[in-house]
Amino acid sequence: MAEIGQVAPGAELELYTLASDLLFSLSPKVAAAPDGAVVDLLKAHADLIRQLAREDAEACVYAHYYGPQDVESYSPEAKVLTDRLGALTVIAAHQGQLTATARTPPSTAPTLPFDEENPPAPEHVCAHILDLYKQLLALPPAEAANAFIAMKYAP
């Protein structure tokens, strides 16, 4: 039996599946959140990506595409940013459920300048991901929100 605060052997996959299912169920609600909540979420993603870029390029790339993983190996700073990202995701989903915002797909959105099926080294990809978030944050709030939702939460 696992002690309090520890994961029982073999339970990691169950927890990952549960977290994935939860995030999947929240996605439509996050996509409907007001622009301000989405921009706050974008900033939290960017903060985590910046921190992971300083620590581990592979973790930076993985977090961008799939979300944080193996959080126990993160630095204390990255763990705090991961918790903040999770909290802001739930807040955005709640706000999206209360007051759904109609989204207009962006006519153009920042993209990564390489074939994602055959990417270069993680350090190179992470640098481009950082630039992508910088471009998103430079957009007006409504455009940033629409582009971020299209990038991260579109079906």
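Preceding this section is the structure that the text describes.
A brief look at the structure comes next. (Residues numbered from 1 in each chain as written. Predicted model: local features only at pLDDT ≥ 70, side-chain atom pairs only at ≥ 80, totals over all residues. Heavy atoms only, no water.)

**Some remarks on the overall build of the chain**
For clarity, the threshold we go by: We count a stretch as a helix when DSSP gives it H or I for four or more residues in a row; a strand needs E for two or more, and each element gets its number in order from the N terminus. Only protein chains enter the area calculation, which uses a 1.4 Å probe; residues under 20% of their type maximum are buried, those over 50% are exposed, and those in between are partly exposed. Note on contacts: a residue pair is in contact if any heavy atoms of the two residues lie within 4.5 Å.
Helix and strand counts for the chain come out as 6 helices and 0 strands. Element order for the chain, N to C, with α for helix and β for strand: α-α-α-α-α-α. Here the chain holds 155 residues, and the buried ones make up 34% of them. Long-range pairs, those at least 24 residues apart, make up 73% of the contacts in the chain between residues at least 6 apart in sequence.

**What to know about the pattern of salt bridges**
Quick note on the threshold: Salt bridges are counted wherever a side-chain nitrogen of Lys or Arg sits within 4 Å of a carboxyl oxygen of Asp or Glu.
Under the defined criterion, the tally for this structure stands at 4 salt bridges. A salt bridge links Arg-50 to Asp-47, with the nearest nitrogen and oxygen atoms 2.5 Å apart. Placement of the pair is Arg-50 and Asp-47 together in helix H2 (residues 35–55), with a separation of 3 residues, close to one helical turn. On the basis of relative accessibility, which here comes to 24%, the residue Asp-47 falls in the partly exposed class. With a closest N to O distance of 3.7 Å, Lys-79 and Glu-72 form a salt bridge. Here Lys-79 falls in the partly exposed class, since its relative accessible area comes to 27%. Salt bridges here are not isolated pairs; linked through shared partners, they connect Asp-47, Arg-50 and Arg-84.

**Side note on the packing of H2 against helix H5 (residues 122–138)**
Counted only if it meets this: To obtain an axis, a line is fitted to C-alpha atoms, over the contacting stretch when the element is a helix, and the angle between two such axes runs from 0 to 180 degrees between their N-to-C directions. Small angles under 35 degrees read as roughly parallel and large ones over 145 as roughly antiparallel, with 65 to 115 read as roughly perpendicular and the rest as oblique. A clockwise turn of the near helix away from the far one marks a right-handed crossing, whereas an anticlockwise turn of less than a right angle marks a left-handed crossing. For this classification, Asp, Glu, Lys and Arg are treated as charged, while Ala, Val, Leu, Ile, Met, Phe, Trp, Tyr, Cys and Pro are nonpolar and the rest, including Gly, are polar.
For the pair H2 and H5, interaxial distance at closest approach is 10 Å and the crossing angle is 155°. Judged by the inter-axis angle, H2 sits roughly antiparallel to H5. Here the hand of the crossing between H2 and H5 comes out left-handed. Together, Leu-42, Lys-43, His-45, Ala-46, Ile-49, Arg-50 and Ala-53 of H2 and Cys-126, Ile-129, Leu-130, Tyr-133, Leu-136 and Leu-137 of H5 make up the contact between the two elements. A per-class count over the contact of H2 with H5 returns 10 nonpolar, 1 polar and 2 charged.

**Let's talk about the packing of aromatic side chains**
Formally: Each pair of aromatic rings taken from Phe, Tyr and Trp, with Trp reduced to its six-membered ring, is defined by centres within 6.5 Å and is described as stacked if the planes are under 30 degrees apart, edge-to-face if over 60, and tilted in the remaining cases.
As enumerated under the stated definition, the model contains 3 aromatic pairs in all. Ring centres 6.3 Å apart and planes at 45° place the aromatic pair Tyr-65 and Tyr-66 in the tilted group. A relative accessible area of 30% places Tyr-65 in the partly exposed class. Between Phe-148 and Tyr-153, the ring centres sit 6.0 Å apart and the planes meet at 70°, which makes this aromatic pair edge-to-face.

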